[in-house]
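Overview (structure and organization)
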Amino acid sequence: MALSEQERKLLEQLEASLMAEDPQFAETLRGTSSLRVHRRRATLAGIGFVVGLVLLVVGVQVHPVVSVLGFVAMLGAAIVGVNSWQRVAEDPEEAHAQQGRKPSSQEFMEKLEERWKHRHEGDS
């Protein structure tokens, strides 16, 4: 069922107000977070690397230029993939925020601190 003109305008106004009030939440709802973009780039780079490897091997049989193109494709895919993967790894807070929990190392440290406080409170 298609939206009427009035409903479309109302929806656009709601989207605009949401973007104005909470841009991060709106970006999450839109599904284009930087984490997803970098994961997608890393995946595509992996596929590009495999394609480059195939070109490299096929080029040995067909023509050396194809091998060179395969190597260049592998090199480019590796660079893009490593950069994207590093950006994914650099932002564990965002990854765990999307899952709705803290990173496990922080949880572990907080538990240790709580135990330490309880021990010292019990001794005094």
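For the structure, see preceding data.
For the structure given in this document, a descriptive report is provided here. (Residues numbered from 1 in each chain as written. Predicted model: local features only at pLDDT ≥ 70, side-chain atom pairs only at ≥ 80, totals over all residues. Heavy atoms only, no water.)

On to the side chain of S84. For S84, the location among the structural elements is in helix α4 (residues 64-90). Given a relative accessible area of 4%, S84 falls into the buried group. Setting aside residues no more than four positions away along its own chain, S84 makes contact with H38, R41 and A42. (Helix = DSSP H or I, 4+ residues; strand = E, 2+ residues; numbered from the N terminus. Buried < 20%, exposed > 50% of the residue type's maximum accessible area, 1.4 Å probe, protein only. Contact = heavy atoms within 4.5 Å.)

With that settled, the discussion passes to the side chain of S67. Relative to the helices and strands, S67 resides in helix α4. The exposure class of S67 is buried, given its relative accessible area of 12%. If we ignore the near neighbours within four places in the chain, the residues touching S67 are L55, L56, G59 and V60.

A word on helix α3 (residues 34-61). The first and last C-alpha atoms of α3 sit 41 Å apart over 28 residues, in line with the 40 Å expected at 1.5 Å per residue. All of the buried residues along α3 are L35, H38, A42, A45, G52 and G59. (Expected span 1.5 Å × (residues − 1).)

It is worth spelling out a nonpolar patch on the surface at this point. A contiguous nonpolar patch, built from V68, F71, V72, L75 and I79 and spanning about 470 Å² of accessible area, is present on the exposed surface. Position of V68 relative to the elements: it lies in helix α4. (Patch = residues over 30% accessible without salt bridge, like charges linked within 9 Å, V, L, I, M, F, W, Y side chains within 5 Å. Areas by Shrake-Rupley, 256 points an atom, 1.4 Å probe, with all protein chains shown as cover. Salt bridge = Lys/Arg side-chain N within 4 Å of Asp/Glu carboxyl O.)

Going through the model one piece at a time under the given rule, you end up with one salt bridge. R8 is the partner of E5 in a salt bridge, and the nearest nitrogen-oxygen pair spans 3.3 Å. Pair noted here: E5 and R8 are both in helix α1 (residues 5-21), with a separation of three residues, about one helical turn. Residue E5 is classed as partly exposed on the basis of its relative accessible area of 49%.

For the pair α3 and α4, interaxial distance at closest approach is 7 Å and the crossing angle is 160°. Judged on the interaxial angle alone, α4 and α3 are roughly antiparallel. For α3 against α4, the interelement crossing comes out left-handed. Of the residues belonging to the contact of α3 with α4, the class tally is 18 nonpolar, eight polar and three charged. (Axes fitted to C-alpha atoms, helices over the stretch in contact; angles between N-to-C directions. Parallel < 35°, antiparallel > 145°, perpendicular 65-115°, else oblique. Left-handed = near helix turned anticlockwise from the far one by under 90°. Nonpolar A, V, L, I, M, F, W, Y, C, P; charged D, E, K, R; others polar.)

Within the secondary structure layout, N83 lies in helix α4. Judged by its relative accessible area of 41%, N83 falls in the partly exposed class. Put simply, N83 and A42 are 41 residues apart on the chain and 8.1 Å apart in space, counted from C-alpha to C-alpha.

Okay, the environment of V37 next. In this structure, V37 sits in helix α3. Residue classification places V37 among the partly exposed residues on the basis of a relative accessible area of 27%. C-alpha of V37 to C-alpha of S84: the two residues are 47 residues apart in sequence and 8.6 Å apart in space.

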